[in-house]
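Analysis of the macromolecular model
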Amino acid sequence: MKPAAFVYERPSSIAEAVQLLSEADGEAKVLAGGQSLVPLMAFRLVSPSMLVDIGAIAELGDIDSGPDTIRIGAGVTHRRAELALGPVIPLVAVGLRELGHVAIRNVGTVGGSLAHADPASEWGALALALDASISVTGPAGERSVGADRFFLDWMQPDLMPGEIVTGLHIPKPSSMRWGFVEIARRRGDFALAGAAVNLGVADGVIATARVGILGGGVTPLRAHTLEAALTGMDLVGAAEVAEAVDADVDPLDDQHGPARYKRRLARVVCERAIRQAAEAA
Amino acid sequence: MTYVGIPVPRTEDARLISGQGHYLADLAIPGMLEAVVVRSQDAAGELRSLDADEALSLPGVRMVMTAADLPESARAITRSFYVLTPQFVERHAVEVGGSSEPVLAAGRVCRVGEPTALIVATDRYVAEDARRLVLADVDPSPAVVDPEAALSPGSPLVDPAVPGNLHGRFDVVVGDPDRARENAEHRVSARFRIARSVGSPLENRGVAAKWVDDTLTVWSTTQIPHVLRSYLAPMLGLEEERIRVIAPDMGGSFGGGVYPEEVLVPLAAMRLGRPVRWLEERGEDLMNSRHSRDQLIDAELAFDGNGSFRSLSMRILQDCGAVNPFGITLPFNVASHARSVYRIDHFRAEGLCVLTNKTRNTPVRGAGRPEAAFVVDRLVDMAAHRLGMDPADLRLKNLIPADEMPKDMGMMYRDGNQLVYDSGDFPDQVRTALEASGYQTLRDRKPRSDRHRIGVGMSCHVEGTGLGPHEAAEVRVDTSGKIVVRCGSQPHGQSHATVLAQVCADVFGIRPDDVLVRTGDTALLPFGGGTFGSRSGVTASAVVRIASEQTRRKLEELASDVLEIAVNDLVFEGGRVFPRGVPDAGLTFAELARLAAPGPASRRPHDPGLASLNTFVPPSVTFSSGTQVAVVEVDIDTGMVEVLDVVVVDDCGTILNPMVVDGQQHGGVAHGLGNILLEEFRYDDTGQPGSVTFMDYLLPTATDVPSITVIHRSHPTPLNPLGVKGAGEGATASAPAGIANAICDALAEFGVEVTEMPISPARLLDLIDQGRR
């Protein structure tokens, strides 16, 4: 359980980090909270030649609340985000409570979780449900990617060689009804299924619906079919259409549950999250 | 004041919880090298060659040891962990082969994880670098994975020396089970599948060794230092006198035996003349160390319309893995505990030990009792359902009454003695559990939503505890006046220092603080048993009591002689001995120790010092028992189970320290809860293990374990001086069955019958769905 030898760098600016990564020709990895990378290295499932520790880059640690969006720096820990966003976007805080345990949330980072792109990522589902975008900086400069387009395939984010995630931009919802439900074998485990539901409601009717699913396939994903079914429905009773999510998910088998079981759970979490949104005061 | 029976705070705690424990990983010996083990990646095949050249050329690598480097005497561990008497073998039709576990694979590999080489290097990093460079050339052959298929004609053989892959069998017949079965009005039967689980301590295994002045010191995370020494001496060609085995502080164990690394690391230290340490990785521990359970049991309970049990019959298929040093131990434990607290006069249990290309199965906490309780108590609930009776009423109707104790169960225990429940009051125990849990009103509890159901289940168990062959202790009066206890049984997380001090203190009329308990080192005393099978509370406390009494007699004799007072007129109090009514005229233990010291002026020239080395040989096991009531809530949309409450009523005889016993019960419930809800070590069809991290192998965490109420109903045994019965495993036995019965109760509307351990939420949802149709 000891990693192979590697070079360790701790740059103090994004530009420097990007340069180190570019020069390493794909052999370097970014180290943030290390909650996924370090175990992978200890198992020698990955053996990068260099670690670029971005923990000393001050600007990645900021949370900025603008008039329309909140920007969370990639280096912000889950726990800080959970506490800071609770009063502003309670959906985020409630969702993050399912992310591992406090000890993990105290160390793991927003950017690390997005870049790791686990299909059971709470951040992924939240970003999708909240129409967030991810800022990325690389040798060619900075760009912004909508969460919809960021998760390309299993553990594969839209990141080019040398690029790092620098932040997550969440539009401030004017008013929203929301729900978050996750099911895992034990508290803090990776989700078997989870749903983040964000509904815009006018006069008791669902005007807009965004549903982010975790554990529903090879990436965190949006439940487009379910969203379409929800749009235009009365909020009360909307949970009845939860099974529309069937068309949106394609879960993977693993030893904690076969795909057909996770498909069932996807319906259950959507139904319960929609009901939560409807029942919230 | 006396201390046995009082919740004396653990003397171990301050040291251990403040980071002062000294574990194997804390061991620092100058010049120590680090070792890693290279392991087979194939479940079965011919091991044609092992190329270590590249690994050896890596700077810092000092040695790569393969099977060819082992002396003849150290090629395999061939001793078995049991002795069966001829009478036992004949009575229960036992057939069992020998066991030979390669220390390093030679010629063939028989499971994934089997050690193929040991690498020793200057540090752990280099050793792990080198591990990737040792190349095994294996010609794989089909693996035997399914124990039923293993028995079918034409199956590949796991071990060429074991025909048909059948390594052992027995057949227990009590009464006339066939006739009783035929005459019974009802029968319920099922096939029970109990998965392979892994005893998973916080600390993985480890071994360190140094060879200095032709003397070998071995540190090992072992439960049995003296036994390990007795294995090592012939294998390493050394006198026992030249081997010292130390079991340092340990972060748990749950079972085990003697492992190849315990031979390899000493050999490497002897070859290199340098201290060598091997620290196991978590993945290695999960894959190789304490696999257990893994049984397929076909069982049937026959009973009459009035609920009286007539017969129980079962066939136990034990998946032993690739070698079987424990023989029939596990399936026979199922057989000998299967009738639990119930009066079942006619009984048959056939046991089959089958080899497969998997890690060897070992006794882990419970060791057959959780399986037995699961089978019989699920059948009891099925019978109650059949009859429309409350399961508690059906149990009460069939319990062995207290006035039938001691109860001869009509068969032998594994130690060759007649199996006799020596003490206990099962009806009182069950009624206590029902009252304490509020059984009658539990079903009225409201579930949290209309998608949830609440259920109540109960389970009982018995456990033969305090197995021999012996335990040893020396009790000595230190020149400081404190009493020193040296014991051959040592903790791997238990409370020897606290509890043995309580036992000793009572004999001398002193406080436990004035007793120093030393364990875990073969240099302390010549004999020792160890800690396994719920035995230390029974055997270690017994021998400490005996040795303390004998040493006290020596103190008495000396004080009587010096004070010129009859022994009967002496009083022991506060570390002093004085004539009754004349406290100022006495002598302190320290003064007496000085008078007894060797030398020209010694008052005990024939037997200097004040010490006694004794052994205790238990006549047989003593049976503790317990009853649990579990309350669960099941989500009928997801199959998720939450255990809300568990009430434990336990009879471990004389309670040495109720706080310690409570802790054992809590741990046992958590372990059993993990077994029924979470824990499963999987192999795929090719024998590749699939549960080698804690992401895949799920243990219960703090959020999974409910509040546990423990109630003691003590019935001391006549079989040892203190009346103690074991407490370390029992709660593990009842927890799975109690929770399973509660799940079935919660899901009665769907007709769910849980017959597998663990029951996963996915599987439970399938069962709910079947009931919905």
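Residues numbered from 1 in each chain as written. Chains lettered and ligands numbered in written order. Predicted model: local features only at pLDDT ≥ 70, side-chain atom pairs only at ≥ 80, totals over all residues.

**A word on the overall build of chain A**
The test is simple: A run of H or I in DSSP counts as a helix once it spans at least four residues, and a run of E counts as a strand once it spans at least two, with each numbered from the N terminus. C-alpha atoms define the radius of gyration in this analysis, and the globule rule sets the expected value at 2.2 Å times the number of residues to the power 0.38. Each residue is represented by a C-beta atom placed from its backbone, and any two residues with such atoms within 7 Å are regarded as in contact.
Of the regular secondary structure elements, chain A holds ten helices and 14 strands. Computed over its C-alpha atoms, the radius of gyration of chain A comes to 19 Å, within 12% of the 19 Å expected for a compact globule of 281 residues. Dimensions of chain A, computed from the C-alpha atoms along their principal axes, are close to 55 × 45 × 30 Å. Considering only intrachain contacts with a sequence separation of at least 6, the fraction spanning at least 24 residues in chain A is 63%.

**A look at the overall build of chain B**
Filter applied, for reference: Comment: burial labels come from other C-beta atoms within 10 Å of the residue's own C-beta, placed from the backbone, where a count of 20 or more is buried, 12 or fewer is exposed, and between is partly exposed.
What chain B contains, in helices and strands, is 20 helices and 32 strands. For 773 residues, the compact-globule estimate of 2.2 N^0.38 gives 28 Å, and the C-alpha radius of gyration of chain B, at 27 Å, lies within 12% of that figure. Projected onto its principal axes, the C-alpha positions of chain B cover 90 × 75 × 55 Å. Within chain B, buried positions represent 58% of all 773 residues.

**Here's the deal with the interface of chain A and chain B**
Which entries qualify depends on this criterion: Charged means Asp, Glu, Lys or Arg here, nonpolar means Ala, Val, Leu, Ile, Met, Phe, Trp, Tyr, Cys or Pro, and polar covers whatever is left, Gly included.
Every contact between the two is made by 14 residues of chain A and, on the other side, 17 residues of chain B. Of the residues in the side of chain A that touches chain B, the class split is seven nonpolar, two polar and five charged.

**A closer look at the packing of helix H16 (residues 536–563) of chain B against helix H17 (residues 589–596) of chain B**
Residue and element names in this part refer to chain B. Spelled out, the test is: Axis lines are fitted through C-alpha atoms, for helices just across the contact stretch, and the angle between N-to-C directions can take any value from 0 to 180 degrees. Our angle categories are set so that under 35 degrees counts as roughly parallel, over 145 as roughly antiparallel, 65 to 115 as roughly perpendicular, and the remainder as oblique.
Between H16 and H17, the least distance of the axes is 10 Å, while the angle of their chain directions is 85 degrees. Taken as axis vectors, H16 and H17 run roughly perpendicular relative to one another. Contacts from Leu555, Leu558, Ala559 and Val562 in H16 reach Phe589, Leu592, Leu595 and Ala596 in H17.

**Describing the sheet that holds strand E7 (residues 108–109) of chain B**
All names here are of chain B. The condition that has to hold: DSSP bridges decide pairing: two strands pair if at least two such bridges lie between them.
Taken together, three strands build an open sheet; the order of strands is E7-E2-E9 and the sheet is antiparallel. Each end of this open sheet is capped by a strand with a single partner; those strands are E7 and strand E9 (135–140). Pairing of strand E2 (residues 45–51) with E9, which is carried by six bridges, proceeds in the antiparallel orientation. The residue bridging Gly45 from the neighbouring strand is Pro140, located in E9.

**Observations regarding unusual backbone geometry**
Of note, the amide linkage connecting B:Met405 to B:Pro406 takes the cis form, showing an omega dihedral of -5 degrees. Within the secondary structure layout, B:Pro406 lies in the loop between helix H12 (391–398) and strand E19 (407–412).

**Structural notes on the sheet that holds strand E27 (residues 587–588) of chain B**
All names here are of chain B. The strand order E25-E26-E27 describes an open sheet built from three strands, whose pairing is antiparallel. In the strand order of this sheet, the two ends are held by strand E25 (570–573) and E27, each with one partner. Pairing analysis gives four bridges linking E25 to strand E26 (residues 576–579), with the strands arranged antiparallel. Pairing of Val571 across the sheet is with Phe578, part of E26.

**Some thoughts on the pairing of strand E5 (residues 69–73) of chain A**
All names here are of chain A. Bridging between strand E4 (residues 63–65) and E5 involves three bridges; their strand directions are antiparallel. Note on E5: the bridge partner recorded for Asp64 is Arg71. Between E4 and E5, which pair antiparallel and follow one another directly, the connecting turn spans three residues. Relative to strand E10 (residues 164–171), E5 is paired through five bridges, and the arrangement is antiparallel. Paired with Ile72 across the two strands is Leu168, which belongs to E10.

**Points about the confidence of the model for chain B**
Caution applies to low-pLDDT parts of the model: their predicted coordinates are not meant to be read in detail. For clarity, the threshold we go by: Along the chain, pLDDT gives the predictor's confidence residue by residue, from 0 to 100.
Looking at chain B, pLDDT values average 96 and 100% of them are 70 or higher. Across the interface, the model reports ipTM at 0.95; the global pTM reads 0.96.

**A few points about helix H10 (residues 329–337) of chain B**
At 3.6 residues per turn, the α-helix brings residues three or four places apart onto the same side. Counting buried positions along H10(B) yields nine of nine residues, so the element is predominantly enclosed. Along H10(B), the residues classified as buried are B:Thr329, B:Leu330, B:Pro331, B:Phe332, B:Asn333, B:Val334, B:Ala335, B:Ser336 and B:His337.

**Overview of the environment of B:Ser602**
Residue and element names in this part refer to chain B. Relative to the helices and strands, Ser602 resides in the loop between H17 and strand E28 (611–616). Classification of Ser602 by C-beta neighbours within 10 Å gives partly exposed; the count is 15. Measuring from C-alpha to C-alpha, the distance between Ser602 and Asp171 comes to 61 Å, with 431 residues separating the pair along the chain. In this structure, Ser602 is in contact with Ala596, Ala597 and Pro608, ignoring residues within four places of it in sequence.

**Section: the domain arrangement of chain B**
All names here are of chain B. Definition in use: The split of the chain into domains comes from an automatic or database domain assignment.
Domain assignment breaks chain B into domain 1 (370–465 + 621–772) and domain 2 (468–616). Centre-to-centre separation of domain 1 and domain 2, based on C-alpha positions: 40 Å. Tallying the contact residues gives 16 residues for domain 1 and 15 residues for domain 2. Of the residues that constitute the side of domain 1 that touches domain 2, the class distribution is six nonpolar, six polar and four charged.

**Observations regarding the domain arrangement of chain A**
All names here are of chain A. Looking at the assigned domains, one finds that chain A contains domain 1 (7–55), domain 2 (65–171) and domain 3 (177–279). Taking the mean C-alpha position of each, domain 2 and domain 3 sit 19 Å from one another. Listed by partner, the interface residues are 22 residues for domain 2 and 21 residues for domain 3. Considering each element in turn, the side of domain 2 that touches domain 3 owes the most residues, six residues, to helix H7 (residues 122–129). Residue composition of the side of domain 2 that touches domain 3, grouped by class: twelve nonpolar, five polar and five charged.

**Side note on the nonpolar core**
Proteins that are soluble and globular tend to have nonpolar side chains buried together. Applied cut-off: Each nonpolar core comprises buried Ala, Val, Leu, Ile, Met, Phe, Trp, Tyr and Cys residues, the members being joined through C-beta atoms within 7 Å.
Ranked by size, the top nonpolar core spans 273 residues in total, and within it A:Cys270, B:Ala35, B:Ile119, B:Ala268, B:Ile739 and B:Ile743 carry the most contacts. Ignoring any residue separated from it by four or fewer positions in sequence, one finds B:Ala268 in contact with B:Ala35, B:Met63, B:Met65, B:Leu118, B:Val120 and B:Val276.

**As for the pairing of strand E13 (residues 205–214) of chain A**
A regular strand places its side chains so that they alternate between the two faces of the sheet. Residues and elements named next belong to chain A. Most of E13 sits inside the fold, with seven of its ten residues counted as buried. Here strand E12 (residues 193–202) hands over to E13 after two residues, with Asp203 in that stretch at a positive phi of 50 degrees. With two bridges connecting them, E13 and strand E14 (residues 221–222) associate as antiparallel partners. Residue pairing for E14: Gly212 is matched across the bridge by Arg222.

**Remarks on the environment of A:Ala259**
Residues and elements named next belong to chain A. Turning to its location among the elements, Ala259 is positioned in helix H10 (residues 259–279). Linking Ala259 and Gly216, residues 43 residues apart in sequence, is a C-alpha distance of 9.0 Å. What Ala259 contacts, discounting residues up to four positions off in sequence, is Pro251, Leu252 and Asp253.

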